[in-house]
Amino acid sequence: VFALSLVAAPALYAAIGMSGIFWLTAILAVAAIGLVTHVVPPAPPLPPGPKPLFREVLFDTQLLRLNFGIFTLHMVQMAMFVVVPGLLVRYGDLPLASHWKIYLPAVLASFVLMVPAIIYAEKRNKVQAVFVTAIGLLLATLLAMWLGSTSFMMMAGGLLSFFVAFNILEAMLPSLISRIAPPNAKGAALGVYNTTQALGLFVGGAVGGWLVKNFDAGAVFVGGAAMVALWLVAAAPMPPVPMRR
């Protein structure tokens, strides 16, 4: 849904404008409140046992790696899409309302390419290898988009590569959180994870805007690549995770 929202955004912007997008967001939020209060069943009680301290969840080394990962992933995505639409207009002569023609094929193809990687990771117990490879792919994509930022074809190919890496990591990160977190602290761990994800969205938009204002579009890709390189260094020594039962 997150990826497909990028596909829908240009068409929505053309049809209802920016204010309409905010009104649509508000309506969907109210609908989500109704779903939570009237449709979602009550949460089951926590399993018996001592409750871990919140700071233990917050500062757990393995969880910190994953939280830094989701922060970086969404920071990079939001920063990228500060500049990608303008580059597609400038170098591809593609009107904003037609950007879905690039985003939709990239998103759909990325889902097709992502599935075998996820199946291989789970079936062959290669979670760490696939996870680290996807981070490496993300890093290589950002560097390629920086070097080819004036090429429409490079932007289009880079978006496909980006979404493949993004979808693999977006699927694996919450799974890893749920496996690594203590049974009595999964809710707290996922709460910290989701908060970190939201912070990444905010920081990505703010930093991406600042970089393109004070430097250029290339600085956004370079800054994102630097963050992903730090993530790769942090994720590489990740210990084995429990297999899904």
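The structure presented is a predicted model; accordingly, all values stated were derived computationally and were not measured. (Residues numbered from 1 in each chain as written. Predicted model: local features only at pLDDT ≥ 70, side-chain atom pairs only at ≥ 80, totals over all residues. Heavy atoms only, no water.)

Now for the overall build of the chain. Within the chain, the regular secondary structure consists of eight helices and zero strands. Since a compact globule built from 245 residues should have a radius of gyration of about 18 Å, the 19 Å found for the chain is in line with a globular shape. Dimensions of the chain, computed from the C-alpha atoms along their principal axes, are close to 60 × 45 × 35 Å. The buried share among the 245 residues of the chain stands at 39%. Once local pairs closer than 6 in sequence are excluded, the contacts in the chain between residues at least 24 apart make up 84%. For the chain, the accessible surface area stands at approximately 13200 Å², while carbon and sulfur atoms represent 74% of it. The positive charge centre, built from 13 side chains, and the negative charge centre, built from 6, are 9 Å apart in the chain. (Helix = DSSP H or I, 4+ residues; strand = E, 2+ residues; numbered from the N terminus. Rg over C-alpha atoms; globule rule 2.2 N^0.38 Å. Buried < 20%, exposed > 50% of the residue type's maximum accessible area, 1.4 Å probe, protein only. Contact = heavy atoms within 4.5 Å. Areas by Shrake-Rupley, 256 points an atom, 1.4 Å probe, with all protein chains shown as cover. Lys, Arg positive; Asp, Glu negative; His and termini not counted. Charge placed at Lys NZ, Arg CZ, Asp CG, Glu CD.)

In this model helix α3 (residues 61-92) runs 44 Å from its N-terminal to its C-terminal C-alpha over 32 residues, within 8% of the 46 Å that 1.5 Å per residue would give. Of all the bends in α3, the greatest, near 35 degrees, is centred on F81, and the proline P85 appears no more than four residues after it. Capping the start of α3, D60 holds a side-chain oxygen 3.0 Å from the backbone nitrogen of Q62, two or three residues further along. Trailing α3 by a residue or two, D93 shows a phi angle of about 50 degrees, which is positive. (Expected span 1.5 Å × (residues − 1). Bend = angle between axes of the 7 residues up to and from the residue. Polar contact = N/O pair within 3.5 Å; in protein donor to acceptor, adjacent residues only side chain to side chain.)

In this section: the pattern of salt bridges. On inspection of all chains with the given rule, the structure shows one salt bridge. Note that R179 is salt-bridged to E122, the shortest N-O span being 2.5 Å. Of the two residues, R179 sits in helix α6 (residues 152-180) while E122 sits in helix α4 (residues 100-123), which places them 57 residues apart along the sequence. (Salt bridge = Lys/Arg side-chain N within 4 Å of Asp/Glu carboxyl O.)

Now for the packing of α6 against helix α7 (residues 186-214). Put simply, α6 and α7 touch, their axes get as near as 9 Å, and they point 150 degrees apart. Considering the angle they form, α6 stands roughly antiparallel to α7. The interaxial crossing formed by α6 with α7 has right-handed handedness. Here E170, L173, P174, I177, S178 and R179 of α6 lie close against α7, whose contacting residues are K186, A189, L190, Y193 and Q197. Of the residues assigned to the contact of α6 with α7, the class counts are six nonpolar, two polar and three charged. (Axes fitted to C-alpha atoms, helices over the stretch in contact; angles between N-to-C directions. Parallel < 35°, antiparallel > 145°, perpendicular 65-115°, else oblique. Left-handed = near helix turned anticlockwise from the far one by under 90°. Nonpolar A, V, L, I, M, F, W, Y, C, P; charged D, E, K, R; others polar.)

Considering all chains together, one arrives at six aromatic pairs under this definition. With centroids separated by 6.3 Å and ring planes inclined at 40 degrees, the aromatic side chains of F81 and F163 adopt a geometry described as tilted. Of this pair, F81 sits in helix α3 while F163 is found in helix α6, placing the two residues 82 residues apart along the sequence. Its relative accessible area of 14% is what places F81 among the buried residues. Given the relative accessible area of 0%, F163 is considered buried. Between F162 and F166, the ring centres sit 5.7 Å apart and the planes meet at 25 degrees, which makes this aromatic pair stacked. Pair noted here: F162 and F166 are both in helix α6, with a separation of four residues, about one helical turn. (Phe/Tyr/Trp six-rings, centres within 6.5 Å; stacked < 30°, edge-to-face > 60°.)

Topologically, G92 is positioned in helix α3. Spatially, the C-alpha atoms of G92 and V1 are 26 Å apart, while their sequence positions differ by 91 residues. Each residue touching G92, except ones within four places of it in the same chain, is listed here: L87 and F152.

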